[in-house]
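# Structural overview for review
Given next are the chains, with one letter for each unit.
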Amino acid sequence: MSHILPELPYAYDALEPYIDARTMEIHHTRHHQAYITNLNAAIKDKVELQQMSVDQLIRNLDEIPEEIRTIVRNHGGGHANHSFFWPLLKKDVALAGPIADAITADFGSFENFREKFTAAATRVFGSGWAWLTVDNRKLEIVATPNQDSPIMLGKIPVLGLDVWEHAYYLLYQNRRPDYIAAFFNVINWEKVNDNFLAAVN
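In every chain, residue numbers begin from 1 and rise along the written sequence. For this predicted model, a pLDDT threshold of at least 70 governs which residues receive local features, and a threshold of 80 or more governs which side-chain atom pairs are given and counted, while totals over whole chains, interfaces and linings are taken from all residues. Calculation of side-chain values draws on the structure's entire complement of heavy atoms; hydrogens and water are dropped beforehand.

Let us look at the pattern of salt bridges. Within this document, salt bridges are pairs made up of a side-chain nitrogen of Lys or Arg and a carboxyl oxygen of Asp or Glu, the two lying within 4 Å of each other. Throughout the structure, instances matching the rule amount to 8 salt bridges. Among the salt bridges present, the one from Asp106 reaches Lys138, with a minimum N-O distance of 2.9 Å. In this pair, Asp106 sits in helix 5 (residues 98-107) while Lys138 sits in strand 2 (residues 138-145), placing the two residues 32 residues apart along the sequence. Residue Lys138 is classed as partly exposed on the basis of its relative accessible area, which comes to 47%. With a shortest N-O distance of 2.9 Å, Asp135 and Lys155 are connected by a salt bridge. With a gap of 20 residues between them, Asp135 in strand 1 (residues 128-135) and Lys155 in the loop between strand 2 and strand 3 (156-162) connect regions that are remote in the sequence. One connected set of salt bridges, linked through shared partners, spans Asp135, Glu140 and Lys155. The helix and strand labels rest on DSSP assignments: H or I over at least four residues marks a helix, E over at least two residues marks a strand, and numbering proceeds from the N terminus. Type-normalised accessible area, obtained with a 1.4 Å probe on protein chains alone, sets the label of each residue: buried when under 20%, exposed when over 50%, and partly exposed for intermediate values.

Put simply, the largest pocket is a space of about 180 Å³. Two kinds of site are reported from a 1 Å grid over the protein atoms alone, namely cavities, where a 1.4 Å probe fits but cannot get out, and pockets, open sets with protein on both sides within 12 Å along at least five of seven lines, and residues are called lining when an atom falls within 4 Å of a point. In terms of lining, the largest pocket is formed by 13 residues, of which the most central are Phe84, Ile151, Ile156, Pro157 and Asn195. Counting residues per element, the ones that place at least two in the lining of the largest pocket are helix 4 (66-85), strand 3 and helix 9 (189-200). The dominant element in the lining of the largest pocket, judged by the number of residues it contributes, is helix 9, at 4 residues. Source of the domain bounds: an automatic or database domain assignment. Two domains each provide a minimum of three residues to the lining of the largest pocket, namely domain 1 (21-88) and domain 2 (98-200). Grid points are joined across faces, edges and corners, and a volume is the space filled by probe spheres set on the points.

Attention shifts here to the pairing of strand 2. As paired elements, strand 1 and strand 2 share 8 bridges and run antiparallel to each other. Within strand 2, the residue paired with Ala130 across the bridge is Ala143. Between strand 1 and strand 2, which pair antiparallel and follow one another directly, the connecting turn spans 2 residues, one of which, Asn136, has a positive phi of 55°. Pairing between strands requires that DSSP locate at least two bridges from one strand to the other.

Here we come to the pairing of strand 3. In terms of burial, strand 3 is a largely internal element, 6 of the 7 residues being buried. Across 6 bridges, strand 1 lies against strand 3 in antiparallel orientation. Bridge assignment links Val134 to a residue of strand 3, and that residue is Ile156.

The next subject is the UniProt feature "domain: Manganese/iron superoxide dismutase C-terminal" (unreviewed entry) in the chain. UniProt positions are given in the numbering used here, feature names are shortened, and annotations may be inferred rather than shown by experiment. The UniProt record marks residues 97-194 with the feature "domain: Manganese/iron superoxide dismutase C-terminal" (unreviewed entry), using the residue numbering of this structure. When the span residues 97-194 is considered, its composition is 43% helix and 23% strand, and the gap between its end C-alpha atoms is 10 Å.

Of all hydrophobic cores here, the largest spans 46 residues; its most connected members are Phe113, Leu139, Leu159 and Tyr179. Per-domain counts for this core show at least three residues from each of domain 1 (21-88) and domain 2 (98-200). Any two residues whose heavy atoms approach within 4.5 Å are treated as being in contact. Setting aside chain neighbours within four positions, we find Tyr179 in contact with Ile19, Phe85, Leu161, Asp162, Val163, Ala167, Tyr168 and Tyr172. Counting 13 residues, the second-largest nonpolar core is a separate cluster that includes Ala42, Leu57, Ile58 and Ala80. As used in this record, nonpolar core signifies buried Ala, Val, Leu, Ile, Met, Phe, Trp, Tyr and Cys residues forming a set joined through side-chain atoms within 4.5 Å.

Moving on: helix 5. For helix 5, the full list of buried residues reads Ile99, Ala100, Ala102, Ile103 and Phe107. Considered in projection along helix 5, the buried side chains sweep an arc of 165° and stay on one side of the axis. Facing away from the buried side of helix 5, by more than 90 degrees, are the exposed residues Asp101 and Ala105. Residues of helix 5 that are buried in the fold lie against helix 6 (110-123), strand 1, strand 2 and helix 9. Downstream of helix 5 by a residue or two, Gly108 has a phi angle that is positive, lying close to 95°. Within this analysis, the arc is defined by the directions that extend from the helix axis to the C-beta atoms.

In structure tokens, the structure reads:
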């Protein structure tokens with residue numbers, strides 16, 4: 001089976017003014033599609049790998065043949081990360097539920113969480129991601145380079161932010177901190193809460 005590009009659960013302009021429609025369209029149809037195209041090409045002759053989900057592929061990189069392992073890591077990671085990322089975006093969703101309680105318990109306050117997450121996203125050198133993850137039922141902020149996923153580290157992501165320049169450059173140019181600040185206006189906390197409950201139950 002080939003991996004396919006998931007449809008977005010909203011229009012490309014649904015996140016404006018925080019993330020512009022043109023960036024969303026290019027990000028989805030070109031960047032994400034390129035990861036899928038290259039992943040499918042890498043595994044086209046590997047029937048056993050074609051039966052695995054993308055999360056299974058990147059969780060078990062040691063079992064991937066060496067000649068395609070880097071491709072699967074980079075492009076499978078890109079596919080997995082973006083597929084996880086798109087549903088996390090929605091305007092006007094309030095933080096509530098068990099994830100809100102867990103953030104307060106593990107970081108002291110939402111403000112402390114936001115400060116630490118912003119710092120992690122800002123400090124990513126070059127391209128990568130910032131994540132809120134669950135590890136041993138506790139929330140933890142981690143950053144990964146390139147298209148690496150917390151899944152590769154044995155952690156369960158519940159929230160992620162793409163800080164590759166392709167995610168923000170048309171609107172924010174080199175102002176990554178402005179993009180990170182804008183992200184907090186489009187977090188779909190209902191989806192984050194669902195991810196959290198799935199991780200701890």
